[in-house]
Amino acid sequence: MMRAIGVIRKSRRERISREEFEELLRSAGYEVVAILEQNREEHPKYNIGKGKLEELKELVRELQPDKVIFANKLTPSQAYNLWKELRVEIIDKWQLVLEIFERRAHSKEAKLQVELASLQYEVPLVKEAIRRIKLGDRAGFKGMGEYQTQQYLKHIRYRMGKIRKELERVKADREVKRKRREEVGFILLALAGYTNAGKSTLLNTLAGEEIEARDQMFTTLDTTTRRFKLGGKRVLVTDTVGFIDGLPPFIVEAFHSTLEEIVKADIVLLVLDVSEPWPEIRRKFLASLNVLRELKALDKPMVVVLNKRDLTSEEDVKDKAERIIEIVEERGINVSRVVSISAKFGQLEELYGALEEVVLTLPKYGAFEITVREPEKVPQVMALINAIGEVLSVEYGEETKIEAYIQTGMIKELTRLGVEIKRLNQPHQ
Ligand SMILES: Nc1nc2c(ncn2[C@@H]2O[C@H](COP(=O)(O)OP(=O)(O)OP(=O)(O)O)[C@@H](O)[C@H]2O)c(=O)[nH]1
Ligand SMILES: [Mg+2]
């Protein structure tokens, strides 16, 4: 096991949770031999203050860790300065997150995305090393000389170009699949939310699946899509990578094809762990909203799902739901419903109820009157309607008249059965 010293600098602007940092270190597989904390504004040269640096030096000498890991973001020049002082590998929070991603990436796509993000992160570090060599420093990036460092930079750029192209291909592929699914009348749901909120557990419960769900951060990096039925309707639900506070743009960019599942969904389920203390829920909720905003997915119908209600009391859940509503009202965010569930224990009634309602407000639905002239076709028509919408009323007679909400894209499917269709209203907005 790799041994690490953690460093956390807290300031007015940087709200860093020590608990979360320790959790990240644990998830990345480090043995934490010491944690150093400091309250102060950022020191331009070392991030932490000079006095703290001396303390850290002493600790490094004494404990001989493999790495020193900062909970803050380090500038390339700070990383370099720290390395010069401590002579031990220095990484910051985002490199730590990327290390976790690397361990968890299974699919080819996830692996490429992680590699792209890591390379993107390295570019300024390598450039800084080159700048320092030019100024007379002897060792470049990871101890390489000037020529090697230059070559390395070239290699990084080449590799990034290649990965981007490959990811483009994956993206096009995904787009085709998504279209096909929509064409057969699926409603697309995306699970979004902070890491460890219970997204994969919810997908498992919804779809009767067994994808990995564990009490650790970033269990899921690959995108998984499963089908289930909501009433009679066909639904696809997609689970993707979890969010974290301040998810930096370079990670969002690298994971774009994965996160795009959220952008392309009909409904977003934003999952929160309701058993946590309110300040934690609030922090994670706001962080999730920020990522959704960055993805331009905030205008989608969204259901806030308070998960793990089995771990707390009913009043507590109610109180937190009200506070969530306050936040969204304050910020003018469009949330269709707030529901509480226990994904682990299969308590999903509230979620099903909300989805039934929200689904029918989707712009892709419309109200139609369907006339069936051949009685023997009625069962077949009804089955299809149930899969792509909802029957509102049926009038049997010489000809059967059905009023129903159905997906407008599925009209062709119905006409093929030889029925007559008339639109009753304009689509909901
Ligand atoms: N008590 C309780 N635990 C739950 C519930 N839902 C999920 N958990 C637990 O919470 C932990 C995290 O669940 P996951 O489903 O892996 O969470 P995730 O959101 O997919 O996490 P990442 O993939 O890391 O983003 C696991 O230990 C689950 O067993 C619930 O309703 N009640
Ligand atoms: Mg997961």
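For clarity, every value in this text was computed on a predicted model and none was experimentally measured. (Residues numbered from 1 in each chain as written. Chains lettered and ligands numbered in written order. Predicted model: local features only at pLDDT ≥ 70, side-chain atom pairs only at ≥ 80, totals over all residues. Heavy atoms only, no water.)

Focus: the environment of Arg-181
Tracing the sequence through the fold places Arg-181 in helix α6 (residues 146-183). Spatially, the C-alpha atom of Arg-181 lies 9.7 Å from that of Val-235, the residues being 54 residues apart in sequence. Beyond its immediate chain neighbours, meaning those up to four positions away, Arg-181 contacts Phe-186, Thr-225 and Leu-236. (Helix = DSSP H or I, 4+ residues; strand = E, 2+ residues; numbered from the N terminus. Contact = heavy atoms within 4.5 Å.)

Quick notes on unusual backbone geometry
Peptide bonds are trans in most cases, and residues, glycine excluded, mostly fall at negative phi. Located in the positive-phi region is Arg-87, a residue other than glycine, with phi close to 55°. Mapped onto the fold, Arg-87 is located in the loop between α3 (76-86) and β4 (89-91). The exposed category is assigned to Arg-87, whose relative accessible area is 54%. (Buried < 20%, exposed > 50% of the residue type's maximum accessible area, 1.4 Å probe, protein only.)

Considerations on the site of ligand 1
Near ligand 1 lie 23 residues; those nearest to it are Lys-199, Thr-201, Thr-219, Thr-220 and Asp-310. In this structure, Asn-196 approaches ligand 1 through a main-chain N or O atom, which is 3.0 Å from an oxygen atom. Between Ser-342 and ligand 1, the recorded distance is 3.2 Å, taken from a side-chain N or O atom to an oxygen atom. Considering ligand 1 on its own, with 660 Å² of exposed area, one finds that the protein chains cover 92% of that surface. At three residues, helix α7 (residues 199-207) tops the list of elements feeding residues into the shell around ligand 1. By residue class, the composition of the shell around ligand 1 is six nonpolar, eleven polar and six charged. (Near = heavy atom within 4 Å. Polar contact = N/O pair within 3.5 Å; in protein donor to acceptor, adjacent residues only side chain to side chain. Areas by Shrake-Rupley, 256 points an atom, 1.4 Å probe, with all protein chains shown as cover. Nonpolar A, V, L, I, M, F, W, Y, C, P; charged D, E, K, R; others polar.)

Topic: a negative patch on the surface
On the surface, a cluster of negative charge is contributed by Glu-322, Glu-326, Glu-329 and Glu-330. Within the secondary structure layout, Glu-326 lies in helix α11 (residues 314-331). Judged by its relative accessible area of 48%, Glu-326 falls in the partly exposed class. (Patch = residues over 30% accessible without salt bridge, like charges linked within 9 Å, V, L, I, M, F, W, Y side chains within 5 Å. Salt bridge = Lys/Arg side-chain N within 4 Å of Asp/Glu carboxyl O. Lys, Arg positive; Asp, Glu negative; His and termini not counted. Charge placed at Lys NZ, Arg CZ, Asp CG, Glu CD.)

Brief notes about the coordination of the magnesium ion (ligand 2)
Looking at the magnesium ion (ligand 2), one finds its protein donor set to be Ser-200 (OG) and Thr-220 (OG1), positioned 1.9 to 2.1 Å from the metal centre. Placement of Ser-200 in helix α7 and of Thr-220 in the loop between α7 and β6 (224-230) is noted, with a sequence separation of 20 residues between them. (Donors = N, O, S within 2.8 Å, 3.2 Å for Na, K, Ca; no water.)

So, the nonpolar core
Counting residues in each nonpolar core, the largest one holds 96 residues, and the members touching the most others are Leu-56, Phe-101 and Ile-262. In terms of residue count, the dominant contributor to this core is helix α5 (residues 108-134) (eleven residues). Here this core spans two domains, since at least three of its residues come from each of domain 1 (2-91) and domain 2 (185-360). Other than its neighbours up to four places away in sequence, Leu-56 contacts Ile-5, Val-7, Leu-36, Ile-48, Val-68, Phe-70 and Leu-86. The next biggest cluster of nonpolar side chains, apart from the first, holds 31 residues, and it includes Ile-211, Val-305, Ala-367 and Tyr-405. (Core = buried A, V, L, I, M, F, W, Y, C linked by side-chain atoms within 4.5 Å. Domains from an automatic or database assignment.)

Digging into the UniProt feature "domain: Hflx-type G" (unreviewed entry) in the chain
The feature "domain: Hflx-type G" (unreviewed entry), as given by UniProt, occupies residues 187-363 in the numbering adopted here. The span residues 187-363 is 40% helical and 21% strand by assignment, and the distance between its end C-alpha atoms comes to 12 Å. (UniProt positions renumbered as here; feature names shortened; annotations may be inferred.)

Comments concerning the layout of surface pockets
By volume, the largest pocket amounts to about 840 Å³. Lining the largest pocket are 41 residues, with Asn-196, Ala-197, Asp-215, Asp-273 and Lys-308 positioned closest to its centre. Secondary-structure elements contributing two or more residues to the lining of the largest pocket are α1 (18-27), α7, β8 (267-273) and α10 (278-294). Split by residue class, the lining of the largest pocket holds eleven nonpolar, 13 polar and 17 charged. (1 Å grid on protein atoms, 1.4 Å probe; cavity = no way out; pocket = protein on both sides within 12 Å on 5 of 7 lines; lining within 4 Å. Points joined across faces, edges and corners; volume = space filled by probe spheres on them.)

Regarding the domain arrangement of the chain
Examined at the domain level, the chain breaks down into domain 1 (2-91), domain 2 (185-360) and domain 3 (365-423). Distance from the C-alpha centre of domain 2 to the C-alpha centre of domain 3: 33 Å. Buried area between domain 2 and domain 3, both sides added, is near 760 Å², and the carbon and sulfur share of it is 52%. Counting across the domain 2 and domain 3 interface gives one salt bridge. We note a salt bridge from Lys-233 to Glu-390, for which the minimum N-O separation is 3.2 Å. Our enumeration of links across domain 2 and domain 3 arrives at four residue pairs in polar contact (both at pLDDT 80 or more). For the side of domain 2 that touches domain 3, the secondary-structure elements that each account for two or more residues are β7 (233-239) and α12 (349-360). When residues of the side of domain 2 that touches domain 3 are assigned to their parent elements, the largest contribution, three residues, is made by α12. (Buried area = accessible area lost by both parts, 1.4 Å probe.)

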